[in-house]
Amino acid sequence: MNLKWNKYGKYLIALLISIIFVLISISGITDSADGVVSDALYQKKIATDGQIVVVGIDQKALDALGPFPWPRSVIADCVSYLNSVQEKPAVIGLDILYVGESADPDADEYLAAVCENGQNVVVASVATFGSELQIEDAGFYMDERAVLAFDEPYDQLKAAAGYGHINTMADSDSIIRHGILYVDVPGEGKVYSFSRTIYEKFCENNGIEKNPLPKENDGFFYIPYFTNAGGYYDFISVADLYYGEVDPEFFSGKAVLIGPYAAGLQDEYRTAIDHAAPTYGVEIQANLVDFFRRGFYPSEASRNVQLIILFILCIVMCLFFYDRNVIPSIIGEVLVCGGYILLCLLLYKTSGIVLHVLWIPLFVSILFIGSVAINYIKAARERKKVTNTFGKYVDPAVMKQLLEQGESALELGGKTYDIAVLFVDVRGFTTMSEALDPPTVVEIINQYLTLTTECIMKNHGTLDKFVGDCTMAFWNAPVAQDDAVYMACRAAMDMVEGSIALGEKLNERFGRSVSFGIGVNYGPAVVGNIGAPLRMDYTAIGDTVNTAARLEANAPGGKILISRAVADILGDRAEVTSLGDSIKLKGKAEGFEILTLDVLK
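Calculation criteria
- Residues numbered from 1 in each chain as written.
- Predicted model: local features only at pLDDT ≥ 70, side-chain atom pairs only at ≥ 80, totals over all residues.
- Heavy atoms only, no water.
- Helix = DSSP H or I, 4+ residues; strand = E, 2+ residues; numbered from the N terminus.
- Buried < 20%, exposed > 50% of the residue type's maximum accessible area, 1.4 Å probe, protein only.
- Contact = heavy atoms within 4.5 Å.
- Areas by Shrake-Rupley, 256 points an atom, 1.4 Å probe, with all protein chains shown as cover.
- Lys, Arg positive; Asp, Glu negative; His and termini not counted.
- Charge placed at Lys NZ, Arg CZ, Asp CG, Glu CD.
- Pairing = 2+ DSSP bridges.
- Patch = residues over 30% accessible without salt bridge, like charges linked within 9 Å, V, L, I, M, F, W, Y side chains within 5 Å.
- Salt bridge = Lys/Arg side-chain N within 4 Å of Asp/Glu carboxyl O.
- Core = buried A, V, L, I, M, F, W, Y, C linked by side-chain atoms within 4.5 Å.

## Some thoughts on the overall build of the chain
Helices and strands together make up the secondary structure of the chain, namely 18 helices and 24 strands. The principal-axis extents of the C-alpha atoms in the chain amount to approximately 135 × 60 × 45 Å. The buried share of the chain, taken over its 601 residues, is 47%. For the chain, the proportion of contacts with a sequence separation of at least 24, taken over those separated by at least 6, is 74%. Only carbon and sulfur atoms are counted for the fraction: they give 56% of the accessible area of the chain, which is about 29,000 Å². Of the side-chain charges in the chain, 47 are positive and 74 negative, and the distance between the mean point of each set is 15 Å.

Dropping the structure here:
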């Protein structure tokens, strides 16, 4: 597609492309891929300090204690054992739902009593979300995240221990990147997360000042994970704890989280730090407790601000890539994409600002690839256009240089060059055309014109035109050539020599033979596309050209007439005969010397 840009065309295209890219980003099409790239940049494993211990209901525990769920007395015994020393754990988090009374009231009472005695236990609760119509004074709306139900610990346990919700909310690609700080429970108010409640209890019992709450968006906050499944947290099986195989002093002052840690217990999730391997819910809770302990709270930058930046940058890069060579485009693309990724990492580490890592590199790369493709197609079309214009008339070496100029070589207008001009005409053509039938005349003249063309091309000339039986060619334009005069004269000598053999052949076949009259001149001339935009010829005009034509018109058959300028340039490489001013050329003053080129060395 040949786009004819007007003054504002490229700006309009840049604007439209940028709007399309922004709409794509708003639609969420890129969210999954952006999540993968952002996770790879932001999420890094960090060694833990040993203050959090995960006690897992793993396969070893299931084999030893039987299928889960167990009687509540089992976990009660574990809590009692952990708190059996003077320096007990700072907090014990039970990532297990104990909703409603069980079939064993004694076990229920026992668990509640153990928790109340320890004063360091936090148990889990969970909300059920759904859509619900909300009616207010100003009107009504549909709440898409309404709490339809809230399962909390049974009354005795709720009174004996702290509790928090264990809800998680995966992104559209089923990856957990955000935590829910609190849940608004009807009739109860804000219930903070299980992990935050554990953290606050940890600080309270260790006499540590609490870090403030993270900045949240409607209750959500970004999670910087510290480890994935089977990571750096100390791990102990519930079986080892239950059977007293671990010294309870090991847990002193620490946060102990007890929860499912086996595939069959359906508590596995994909997290931002590891998309491939599932992470158990209790380890996610451990990461969240560490999150609050470290106080590094990354915050996602405004999506609208990022869209505005994307829009502006796409316009700038679209204009930058437009009609630019590949190397500068590559440099620009690498600098922008690489620089943006480094900026994302720098802002994250220094200020905790989370940006969409993929947006700008993706769309700038698309612009780069598109511009390279368009410029390639455009260059190919220009090459084709130049080739179509000059291919049949210009020596391949000259054609190569013309292609480097592109369409500028086809612009209407000309430049002044010092050129060698050759005219060659068939002598006796009129007599021959009267004696032979037209097809035979055409066949003969085509053979002579083929000969002249081959001689011109072999000597790297530009074939200007055919005018009847006359051929015009020139050298040293549109690109400079070494020894242009010699090449022009070499072509003339080749024509004379070639015409002898061709003449003999035609004489045998048709009983007719003709010869060439040739004129060569050298001097300044205007060379370029001469004519109108709808019809132009690439040609040379000026006195130098007219003089060459008149030299040819006065040249006898088999002779080459040259000017003194040509003879001087040839020097001792040629043998010439001066005719003085015995031949008068129209438009030339007295004393214009004409010579015959006899031998060219």
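So that's the structure; there's more coming.
## Details of the sheet that holds strand β14 (residues 274-280)
Neighbouring strands of a sheet are bound in pairs by backbone hydrogen bonds; such pairs are parallel or else antiparallel. Taken in spatial order, the three strands of this open sheet run β6-β13-β14, and their pairing is mixed. The open sheet terminates on both sides in strands that have one partner only, identified here as β6 (175-176) and β14.

## Focus on the environment of Lys378
Its location among the elements puts Lys378 in helix α12 (residues 359-390). Judged by its relative accessible area of 32%, Lys378 is partly exposed. Between the C-alpha atom of Lys378 and that of Asp151, which follows or precedes it by 227 residues, the distance is 66 Å.

## A look at a nonpolar patch on the surface
There is a patch of nonpolar side chains on the surface, built from Leu12, Ile13, Leu15, Leu16, Ile19, Leu23 and Ile26 and spanning about 580 Å² of accessible area. Note on placement: Ile26 falls in helix α1 (residues 9-27). Ile26 sits in the partly exposed class, given a relative accessible area of 48%.

## Here's the deal with the nonpolar core
If you look at the biggest cluster of nonpolar residues, it comprises 44 residues, and the most contacted ones within it are Leu422, Trp475, Ile518, Val520, Ile560 and Leu570. Those elements that provide at least two residues to this core are β17 (413-427), α15 (438-458), β19 (470-475), α16 (484-510), β20 (515-532), β22 (559-563), α18 (564-570) and β24 (594-600).

## Brief notes about the pairing of strand β3 (residues 121-136)
Each regular strand carries side chains that alternate between the two faces of the sheet. Pairing analysis gives four bridges linking strand β2 (residues 91-97) to β3, with the strands arranged parallel. Among the inter-strand pairings, Leu94 is bridged to a residue of β3, identified as Val123. In the sheet, β3 pairs with strand β5 (residues 162-165) via four bridges, with the strands oriented parallel. Across the sheet, Val122 pairs through a bridge with Gly162, a residue of β5.

The analysis is restricted to geometry; functional conclusions fall outside its scope.
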